[in-house]
Amino acid sequence: MDISSPASAREIEHFISKFGKRYIEALSHVRTLIVKARNEHANLACIYSIYSRGDKNGGNEIKHPRKIRLKHDKYCLDNNLIKSNVYSMPDIVGITISVTYPSDINTVCAMIDALCERKAVYPQIYDKNRNIEQNNNRTTKTIYGEVVEDNKNSYFACHYRLRMRNGSEEPIVEVQIKTILHDAWELKTHDLTYKNSFPVAESDKEHFALLGNVLSQLDRQSECLRNSIRRSSVLRDSKRSSVQSETIMLAASHVADKSPLPEAKAFVDKMRAAIQPNYVLSIGLGEVAELREEAISLYDQGEHACSSLFLSAVAALSGDNSSELAALERIDMWCSEKDHEKRIVAHQYAHIAHFCFGDIGNAIDIAESIFDEVETLCSGAIDSTNKLAALRKKNSIASSLSYYFAELIGADEGVKRRSIERAKYFSKISLECLVEMQLVPIGTSNWSSIIDAPFVAENEDRLFNSIDNAIFVVIQTAETAYELQEALTMLDLVKKKRPPSLGPLPDLLHDLHEHCARLRLLDCEIREIPAR
């Protein structure tokens, strides 16, 4: 809709009154797409907040008519126009996306560029090729957005002008992506610089720019620190992820073997066929959604264990948030079983699922919540068969807890949970269970003394898992290079006894634990070098 310049207040007010709902509809459409993308893609967890003008202005999403009129007239003046289409103005409604680090802007840009490519929204750009050429030399990368780098005013962001439908008579929704620090600085300074009734002194503007540059440097320095920390942990994270993925697949295979439904075994076979060597699924989002629905349907058929673990496996291997939420929901329902024995089994698998999602804190909470119950079962069991079954559960939970606490050593949560002390405690409990089950000689007081003993075939899985977890505790709690060298020796010995029934998991565990041990050994050896 063309309006002549200078525009009257009545013309702008009439335009907003007549077409304001279309702007609100377009804004809601774009915002919904962005929120949906953030909920579905793990890498978009970098988004700290998504807000619009209405969130700051008591629900009023549309720019004040007076400001629209001034902007319209300035645009006409700058471009020697006698009139202009109000629909071509980008800043009538808008969304701000704040992210944690500067490089996170690229992650969000990639998401919005993808929305543009598949025509979920229509970008307003003047020359796509020129845009790409300009942006190639910038830190921020985008196809359809406009990179804004104002060094003088310390403003760094990426702007998109998006339409809900393709056409010049459609409202534009402006989307700004910036870091938390830049967003906070703009919120602090906007009213001071733009809403004052008197001019701001040049010296004050210079102070604003200098402080803004300080924030920009903080942004970049924090990015450097994050990258440095990530570089040191990326290999370990990759190895741990492989262990977690294979662990949940092994658990899923175990419950599938016990299921009377042929669909359960078929599901595991389908998952196995889709797993690539780096433990990601070689299938698209549509096929992931199909697997998710298959797993959910098993819950309705009474296969609570299968459904919960299958969903957990899909989530762990694909990173699909919807599958993880569905898994957690069914795990919670399964853990609410009224039958005491079934509830304990549900909790045993639940803490494994949380470990495989990388949520060690919840894994500990769930395992600890049933440890006392299992101890009560052990002390109250009279029949030898029931006693043995209870001891197996107790050993399994204690061994897992020792591992989980060992994982947290060095982290802030680990300090709060007294992880070193707790890892050693539960490792000791696990060894005592093995002695009581007569899987190791009576009087055994340390793990290294039982590695050379032959494993009984029916107990080799249990022995291997318990010993391997205990070695990891030694690695994480060792205080000297000598202790770590001993742990590496133990790792090599237990590797030779890996049970075939555990598939590739023992090799993945050995790879991870050896990596952790060698990193810690290096630190200890450097620390133990005498000062000169």
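Residues numbered from 1 in each chain as written. Predicted model: local features only at pLDDT ≥ 70, side-chain atom pairs only at ≥ 80, totals over all residues. Heavy atoms only, no water.

### Looking at the overall build of the chain
Part 1 of the reasoning: Scanning the chain from N- to C-terminus turns up 19 helices and eight strands.
Part 2 of the reasoning: Its C-alpha radius of gyration of 30 Å places the chain more than 25% over the 24 Å reference for a compact globule of 532 residues.
Part 3 of the reasoning: Its C-alpha atoms give the chain principal-axis dimensions of roughly 95 × 70 × 40 Å.
Part 4 of the reasoning: Counting all 532 residues of the chain, 46% fall into the buried class.
Part 5 of the reasoning: A separation of at least 24 residues holds for 67% of the contacts in the chain among residues at least 6 apart in sequence.
Part 6 of the reasoning: For the chain, the accessible area works out to roughly 27400 Å², and carbon and sulfur atoms hold 52% of it.
Part 7 of the reasoning: Averaging the locations of the 65 positively and 75 negatively charged side chains of the chain gives two centres separated by 5 Å. (Helix = DSSP H or I, 4+ residues; strand = E, 2+ residues; numbered from the N terminus. Rg over C-alpha atoms; globule rule 2.2 N^0.38 Å. Buried < 20%, exposed > 50% of the residue type's maximum accessible area, 1.4 Å probe, protein only. Contact = heavy atoms within 4.5 Å. Areas by Shrake-Rupley, 256 points an atom, 1.4 Å probe, with all protein chains shown as cover. Lys, Arg positive; Asp, Glu negative; His and termini not counted. Charge placed at Lys NZ, Arg CZ, Asp CG, Glu CD.)

### Things to note about the nonpolar core
Part 1 of the reasoning: Residues Met271, Phe310, Trp447, Ile471 and Ile475 are the most contacted members of the largest nonpolar core, which totals 102 residues.
Part 2 of the reasoning: When residues no more than four places from it in sequence are discounted, the contact partners of Met271 are Met249, Leu281, Leu291, Ala313, Val314 and Leu317.
Part 3 of the reasoning: Counting residues in hydrophobic clusters, the runner-up holds 44 residues, among them Val86, Leu115, Leu162 and Ile177. (Core = buried A, V, L, I, M, F, W, Y, C linked by side-chain atoms within 4.5 Å.)

### Description of the pattern of salt bridges
Part 1 of the reasoning: All chains considered together, the criterion is met by 32 salt bridges.
Part 2 of the reasoning: The residue Lys239 makes a salt bridge to Asp511 at a minimum N-O spacing of 2.9 Å. Taken as a pair, Lys239 in helix H7 (residues 202-258) and Asp511 in helix H19 (residues 505-528) lie far apart in primary sequence, 272 residues in all.
Part 3 of the reasoning: On the accessibility criterion, Asp511 (33% relative accessible area) is partly exposed.
Part 4 of the reasoning: Across the pair Glu246 and Arg272 runs a salt bridge whose closest N-O atoms are separated by 2.8 Å. (Salt bridge = Lys/Arg side-chain N within 4 Å of Asp/Glu carboxyl O.)

### Description of the pairing of strand S2 (residues 47-52)
Part 1 of the reasoning: Within S2, five of the six residues are buried, leaving the element largely enclosed by the surrounding structure.
Part 2 of the reasoning: Taken together, the five bridges between S2 and strand S4 (residues 93-99) define a ladder with antiparallel strand orientation. By the bridge assignment for S4, Ser49 is matched with Ser98. (Pairing = 2+ DSSP bridges.)

### Considerations on the pairing of S4
Part 1 of the reasoning: For S4, the buried fraction is high: seven of the seven residues fall into the buried class.
Part 2 of the reasoning: Burial along S4 is two-sided: Val93, Ile95, Ile97 and Val99 and Gly94, Thr96 and Ser98, pointing in opposite directions, are all buried.
Part 3 of the reasoning: Pairing geometry for S4 and strand S8 (residues 172-179), over seven bridges, is parallel. Bridge pairing in S8 places Val99 opposite Thr179.

### Brief notes about the layout of surface pockets
Part 1 of the reasoning: Reported here for the second largest pocket is a volume of approximately 1600 Å³.
Part 2 of the reasoning: Every residue lining the second largest pocket is counted, 47 residues in all, and those nearest its centre are His254, Tyr349, Ile352, Ser396 and Asn465.
Part 3 of the reasoning: Elements supplying a minimum of two residues to the lining of the second largest pocket: H7, helix H10 (304-318), helix H12 (340-356), helix H14 (384-408), helix H17 (460-477) and H19.
Part 4 of the reasoning: Its residues assigned to classes, the lining of the second largest pocket comprises 18 nonpolar, 17 polar and twelve charged. (1 Å grid on protein atoms, 1.4 Å probe; cavity = no way out; pocket = protein on both sides within 12 Å on 5 of 7 lines; lining within 4 Å. Points joined across faces, edges and corners; volume = space filled by probe spheres on them. Nonpolar A, V, L, I, M, F, W, Y, C, P; charged D, E, K, R; others polar.)

### What to know about the packing of H17 against H19
Part 1 of the reasoning: For the pair H17 and H19, interaxial distance at closest approach is 9 Å and the crossing angle is 15 degrees. As judged from the angle between their axes, H17 and H19 are roughly parallel. In the packing of H17 onto H19, the handedness of the crossing is left-handed. Residue-level contacts link Phe464, Asp468, Phe472, Ile475, Gln476 and Thr477 of H17 to Pro506, Leu509, His513, Cys516, Ala517 and Arg520 of H19.
Part 2 of the reasoning: Tallied by class, the residues present in the contact of H17 with H19 amount to seven nonpolar, three polar and two charged. (Axes fitted to C-alpha atoms, helices over the stretch in contact; angles between N-to-C directions. Parallel < 35°, antiparallel > 145°, perpendicular 65-115°, else oblique. Left-handed = near helix turned anticlockwise from the far one by under 90°.)

### Quick notes on the packing of H14 against H17
Part 1 of the reasoning: Relative orientation of the contacting elements H14 and H17 amounts to 25 degrees, with a least axis distance of 9 Å. Judged by the angle between their axes, H14 and H17 are roughly parallel. Relative to H17, the crossing made by H14 is left-handed. Between H14 and H17, the residues in contact are Arg392, Asn395, Ser399, Ser400, Ser402, Tyr403, Ala406 and Glu407 and Arg462, Asn465, Ser466, Asn469, Phe472, Val473 and Gln476, respectively.

### Some thoughts on the side chain of Arg236
Part 1 of the reasoning: With respect to the secondary-structure elements, Arg236 resides in helix H7.
Part 2 of the reasoning: Taking relative accessible area as the criterion, Arg236 reaches 18% and is therefore assigned buried.
Part 3 of the reasoning: Here Glu407 takes part through its side chain, which lies 3.3 Å from a polar atom of the side chain of Arg236.
Part 4 of the reasoning: In this structure, Arg236 is in contact with Glu407, Phe472, Gln476, Leu512, His515 and Cys516, ignoring residues within four places of it in sequence. (Polar contact = N/O pair within 3.5 Å; in protein donor to acceptor, adjacent residues only side chain to side chain.)

### Quick word on a nonpolar patch on the surface
Part 1 of the reasoning: On the surface, a cluster of nonpolar side chains totalling about 230 Å² of accessible area is made up of Leu181, Val214 and Leu218.
Part 2 of the reasoning: Its location among the elements puts Val214 in helix H7. (Patch = residues over 30% accessible without salt bridge, like charges linked within 9 Å, V, L, I, M, F, W, Y side chains within 5 Å.)

### Re H19
Part 1 of the reasoning: Across its 24 residues, H19 extends 34 Å between first and last C-alpha, which sits within 8% of the 34 Å expected from 1.5 Å per residue.
Part 2 of the reasoning: Where H19 is concerned, the buried positions are Leu505, Pro506, Leu508, Leu509, His510, Leu512, His513, His515, Cys516, Ala517, Leu521 and Cys524.
Part 3 of the reasoning: In this structure, the buried side of H19 is in contact with H7, H14, H17 and helix H18 (481-495). (Expected span 1.5 Å × (residues − 1).)

### Notes on the packing of aromatic side chains
Part 1 of the reasoning: In the structure shown here, the tally under the stated rule is 13 aromatic pairs.
Part 2 of the reasoning: Centroid distance Phe371 to Phe426: 5.3 Å. Interplanar angle 90 degrees. Geometry classified as edge-to-face. Separated by 55 residues along the polypeptide, Phe371 in helix H13 (residues 360-380) and Phe426 in helix H16 (residues 419-436) bring together distant segments of the chain.
Part 3 of the reasoning: Judged by its relative accessible area of 4%, Phe371 falls in the buried class. (Phe/Tyr/Trp six-rings, centres within 6.5 Å; stacked < 30°, edge-to-face > 60°.)

### Regarding H17
Part 1 of the reasoning: Along its 18 residues, H17 runs 26 Å from first to last C-alpha, staying within 8% of the 26 Å computed at 1.5 Å per residue.
Part 2 of the reasoning: With 13 of 18 residues buried, H17 is to be regarded as a mostly interior element.

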